[in-house]
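Working through the structure, step by step
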Amino acid sequence: EVQLVESGGGLVQPGGSLRLSCSTSGFIFSDHFMDWVRQAPGKGLEWVGRIKNKANSYSTEYAASVKGRFSISRDESKNSLYLQMNSLKTEDTAVYYCVRVLGSSLLDYWGQGTLVTVSS
Amino acid sequence: DIQLTQSPSFLSASVGDRVTITCRASQGISSSFAWYQQKPGKAPKLLIYATSTLQSGVPSRFSGSGSGTEFTLTISSLQPEDFATYYCQQLNSYPLTFGGGTKVEIK
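Chains are numbered independently. Their residues run from 1 in the order of the written sequence. Just so you know, chain letters begin at A and ligand numbers begin at 1, following the order they were written in. Thresholds applied to this predicted model are a pLDDT of at least 70 for local features of residues and 80 or more for the giving and counting of side-chain atom pairs; totals over whole chains, interfaces and linings are not thresholded and use all residues. Hydrogens and water molecules were not included; the side-chain quantities draw on all heavy atoms of the structure.

Before going further, it helps to examine the packing of aromatic side chains. To describe a pair of aromatic rings, one takes the distance between the centres and the angle between the planes. Aromatic pairs are defined between Phe, Tyr and Trp rings, using the six-membered ring for Trp, whenever the two ring centres lie within 6.5 Å; interplanar angles under 30 degrees are classed as stacked, those over 60 as edge-to-face, and all others as tilted. In total, this model carries 8 aromatic pairs over all chains according to the counting rule given. Of the aromatic side chains, those joined through ring pairs into one cluster are Y97 and W110 of chain A together with Y36 and F98 of chain B. Distance and angle both matter: a charge sits over a ring if NZ of Lys or CZ of Arg is within 6 Å of the ring centre and within 35 degrees of the ring normal. Note that R74 of chain A overlies the ring of F29 of chain A, its terminal NZ or CZ placed 4.4 Å from the centroid.

Shown next as structure tokens:
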């Protein structure tokens, strides 16, 4: 059974940093691209970014709203995905979802999400 | 960036109704288009990918179609468990983008 479990969310002050983790199981993690998607309270979905697999040089893509502040990485030995968030703004407050990508065009499994609140 | 305009943003319907949700793209895209269903407090669930392919386990009352700049999600006969918010997404080019969502509520 595919499982994605996010952790690391919480309350952080504007300008601060936070690192989210996503622990995965039930599939060959190294084969897949992985995405982060977020959802502000009461709002719609926003794609945050993607990290590709080794065959694609672990290249990354980001939304303009987070580029230069957020960084996605992965640890194949731990089957884990990470989102390093720096220079956080109040508008980064959201539930952050870890998502498995099948091929390059199929976001087929989602974690339960972790809430990040940026507030003073 | 490709903008997706989803309509309507809110829809009130009865059980058994046929429901159609439309997503218009700001520029032409390939078939890399998907639809998701989200219920309150839950993660989104993939319904349809590649414009019209039903994800495994999704009931056949859901269907997708479209090309170019206009894509649609149709529910042929609305069931009680279908009351939720639906989102479209383009995966044609980065940054990937979502529509604003359509909330389907009980009439």
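Our focus in this paragraph is the sheet that holds strand 3 (residues 19-29) of chain B. Whether parallel or antiparallel, the strands of a sheet pair through hydrogen bonds between backbone atoms. Residue and element names in this part refer to chain B. The 3 strands are arranged 1-3-7 in an open sheet whose pairing can be described as antiparallel. Looking at which strands have only one partner, the edges of the open sheet turn out to be strand 1 (4-7) and strand 7 (62-75). Pairwise comparison of adjacent strand axes, ignoring direction, gives a mean angle of 20° for this sheet. Here a strand pair is declared whenever DSSP counts at least two bridges between the two strands. By definition, any uninterrupted DSSP run of H or I lasting at least four residues is a helix, any uninterrupted run of E lasting at least two residues is a strand, and each is numbered from the N terminus. Fitted lines through C-alpha atoms serve as axes, helices being fitted only where they are in contact, and the angles separating the N-to-C directions of these axes extend from 0 to 180 degrees.

Salt bridge, as used here, is a side-chain nitrogen of Lys or Arg placed within 4 Å of a carboxyl oxygen of Asp or Glu. Taken as a whole and assessed by the stated rule, the structure comprises 10 salt bridges over all chains. D108 of chain A serves as the salt-bridge partner of R100 of chain A, at 2.6 Å between the closest nitrogen and oxygen. The same class applies to R100 of chain A as to D108 of chain A, namely buried. Here R61 of chain B and D82 of chain B are joined by a salt bridge, their closest N and O atoms 2.8 Å apart. In this pair, R61 of chain B sits in the loop between strand 6 (53-54) and strand 7 while D82 of chain B sits in the loop between strand 7 and strand 8 (85-90), placing the two residues 21 residues apart along the sequence. Accessibility assignment for this pair places R61 of chain B and D82 of chain B in one class, buried. Burial classes: relative accessible area under 20% of the type maximum marks a residue as buried, over 50% as exposed, and values in between as partly exposed (1.4 Å probe, protein chains only).

Our next topic: the layout of surface pockets. A 1.4 Å probe that fits into a set of points on a 1 Å grid over the protein atoms alone but cannot get out defines a cavity; an open set with protein on both sides within 12 Å along at least five of seven lines defines a pocket, and lining residues are those with an atom within 4 Å of a point. Grid points are joined across faces, edges and corners, and a volume is the space filled by probe spheres set on the points. Space inside the largest pocket adds up to approximately 420 Å³. Taken together, 21 residues make up the lining of the largest pocket; nearest its centre are Q39 of chain A together with Q38, P40, T85 and Y87 of chain B. Secondary-structure elements contributing two or more residues to the lining of the largest pocket are strand 9 (94-102) of chain A together with strand 8 and strand 10 (102-106) of chain B. The dominant element in the lining of the largest pocket, judged by the number of residues it contributes, is strand 10 of chain B, at 3 residues. In the lining of the largest pocket, the residues fall into 9 nonpolar, 7 polar and 5 charged. Volume-wise, the second largest pocket comes out at about 210 Å³. Put simply, Ala, Val, Leu, Ile, Met, Phe, Trp, Tyr, Cys and Pro go in the nonpolar bin, Asp, Glu, Lys and Arg in the charged bin, and everything else, Gly too, in the polar bin.

Residues and elements named next belong to chain A. Read from one edge to the other, the open sheet built from 4 strands follows the order 1-3-8-7, with strand pairing classed as antiparallel. The open sheet has two free edges, formed respectively by strand 1 (3-7) and strand 7 (70-75), since each of these has just one partner strand. Going across the sheet, the axis of each strand differs from the next one's by a mean of 15°, ignoring polarity. With 5 bridges joining them, strand 1 and strand 3 (residues 18-25) adopt antiparallel strand pairing. Considered in strand 3, the bridge of V5 is made with S23.

What follows deals with the interface of chain A and chain B. Between two residues, a contact is recorded if the distance between any of their heavy atoms is within 4.5 Å. Across the boundary between the two partners, chain A contributes 20 residues, which contact 16 residues of chain B. When two parts are brought into contact, each loses some accessible area as probed by a 1.4 Å sphere; the total of that loss over both is the buried area. Here chain A packs against chain B, burying approximately 1500 Å² in sum over the two surfaces, 66% of which is carbon and sulfur. Seen at the junction of chain A and chain B, the total is 0 salt bridges. For the side of chain A that touches chain B, the per-class residue count stands at 8 nonpolar, 5 polar and 7 charged.

The analysis is restricted to geometry; functional conclusions fall outside its scope.
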